[in-house]
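# Secondary and tertiary structure notes
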Amino acid sequence: MNTNYYTLPLNTGNLIRRKVHDTCNLIQSISHYIHLVNTSYFGECAFDESFGCSIWLVDFDNLKSTNRLKDFIQSSLYESLLIHEKRLINQRVNVRIKQEELPSNGGSNRIKKRIDIRIKGKVKKTNESFSYVEYFYIGPLSY
């Protein structure tokens with residue numbers, strides 16, 4: 001059975017007017033959903049306060065060590081994906097945090113923390129390998 005999935009961001013106007021919405025395949029849909037989990041903070045989704053991840057909780061945290069931040073974010077993402085992304089099995093989440101120097105408008109450079117996220121697993125329906133890579137800058141969050 002070949003199923004089409006909606007792409008993100010959703011064009012709700014098209015859905016309401018029963019117009020065609022862009023679709024994608026299963027792998028792309030899982031990737032979009034993981035991005036949605038990564039960029040949502042806990043409590044943002046009114047019908048499920050557990051949807052999201054802890055990146056928002058540490059966005060301006062300069063007190064925790066890099067290893068503690070990494071472990072906190074990694075376990076949060078892993079738990080959120082176990083709960084919310086049922087199309088993946090054997091999930092492995094790896095998070096790296098490093099500092100990067102970024103140019104700013106004022107001429108001087110800014111140093112921001114970059115969070116690299118790698119997620120691997122298997123698609124339950126097809127048993128094919130799945131890999132996802134994304135990175136964010138925190139303080140404030142940007143991607």
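Right above here is the structure, for reference.
Below is a summary of the structure that appears in this document.

About the thresholds
Residues numbered from 1 in each chain as written. Predicted model: local features only at pLDDT ≥ 70, side-chain atom pairs only at ≥ 80, totals over all residues. Heavy atoms only, no water. Patch = residues over 30% accessible without salt bridge, like charges linked within 9 Å, V, L, I, M, F, W, Y side chains within 5 Å. Areas by Shrake-Rupley, 256 points an atom, 1.4 Å probe, with all protein chains shown as cover. Salt bridge = Lys/Arg side-chain N within 4 Å of Asp/Glu carboxyl O. Lys, Arg positive; Asp, Glu negative; His and termini not counted. Charge placed at Lys NZ, Arg CZ, Asp CG, Glu CD. Helix = DSSP H or I, 4+ residues; strand = E, 2+ residues; numbered from the N terminus. Buried < 20%, exposed > 50% of the residue type's maximum accessible area, 1.4 Å probe, protein only. Pairing = 2+ DSSP bridges. Axes fitted to C-alpha atoms, helices over the stretch in contact; angles between N-to-C directions. Contact = heavy atoms within 4.5 Å. Core = buried A, V, L, I, M, F, W, Y, C linked by side-chain atoms within 4.5 Å.

Moving on, we get to a positive patch on the surface. A surface patch of positive charge is lined by Arg 92, Arg 96, Arg 118 and Lys 120. Sorting the residues of the positive patch by element identifies strand E3 (88-103) and strand E4 (109-123) as the ones contributing at least two each. Its location among the elements puts Lys 120 in strand E4. Residue Lys 120 is classed as partly exposed on the basis of its relative accessible area of 41%.

Under the counting rule described, the total for this entry stands at 5 salt bridges. Between Lys 70 and Asp 71 there is a salt bridge; the shortest N-O distance is 3.4 Å. The exposure class of Lys 70 is partly exposed, given its relative accessible area of 22%. Between Lys 98 and Asp 116 there is a salt bridge whose closest N-O contact spans 3.8 Å. With Lys 98 in strand E3 and Asp 116 in strand E4, this residue pair connects regions lying 18 residues apart in the sequence. The partly exposed category is assigned to Lys 98, whose relative accessible area is 31%. Residue classification places Asp 116 among the buried residues on the basis of a relative accessible area of 12%. Within this structure, Lys 98, Glu 100, Arg 114 and Asp 116 form a network of salt bridges that share partners.

Each strand in a sheet pairs with its neighbour through backbone hydrogen bonds, running either in the same direction (parallel) or in the opposite one (antiparallel). The sheet built from 3 strands is open, its strands ordered E3-E4-E5 with antiparallel pairing. Here the strands that pair on one side only, and so sit at the sheet edges, are E3 and strand E5 (129-138). Within the sheet, the average angular offset between the axes of one strand and its neighbour, ignoring direction, is 15°. The sheet contacts of helix H2 (residues 26-38) involve E3, E4 and E5, and relative to E5 the element is tilted by about 30°. Most of the contacts of helix H3 (residues 66-84) go to E3, to which it runs at about 145°, and overall it touches E3 and E4.

To continue, consider the nonpolar core. Membership of the largest hydrophobic core comes to 24 residues, with the highest contact counts inside it found for Ile 34, Ile 55, Ile 73, Val 95, Ile 115 and Ile 117. Those elements giving two or more residues to this core turn out to be H2, H3, E3, E4 and E5.

The next subject is the side chain of Ser 76. Mapped onto the elements of the fold, Ser 76 is located in helix H3. Since its relative accessible area comes to 11%, Ser 76 is described here as buried. Apart from the residues within four sequence positions on either side, Ser 76 is in contact with Phe 42, Cys 53 and Ser 54.

A word on unusual backbone geometry. Of note, the bond from Leu 8 into Pro 9 is cis; its omega dihedral lies within 30 degrees of zero at 0°. In this fold, Pro 9 is placed in the loop between strand E1 (5-6) and helix H1 (12-16). Backbone geometry places Asn 90, a non-glycine residue, at a positive phi of 50°. You can call Asn 90 exposed: its relative accessible area is 52%. Even without glycine at this site, Asn 127 takes up a positive phi of about 65°. Along the chain, Asn 127 turns up in the loop between E4 and E5.

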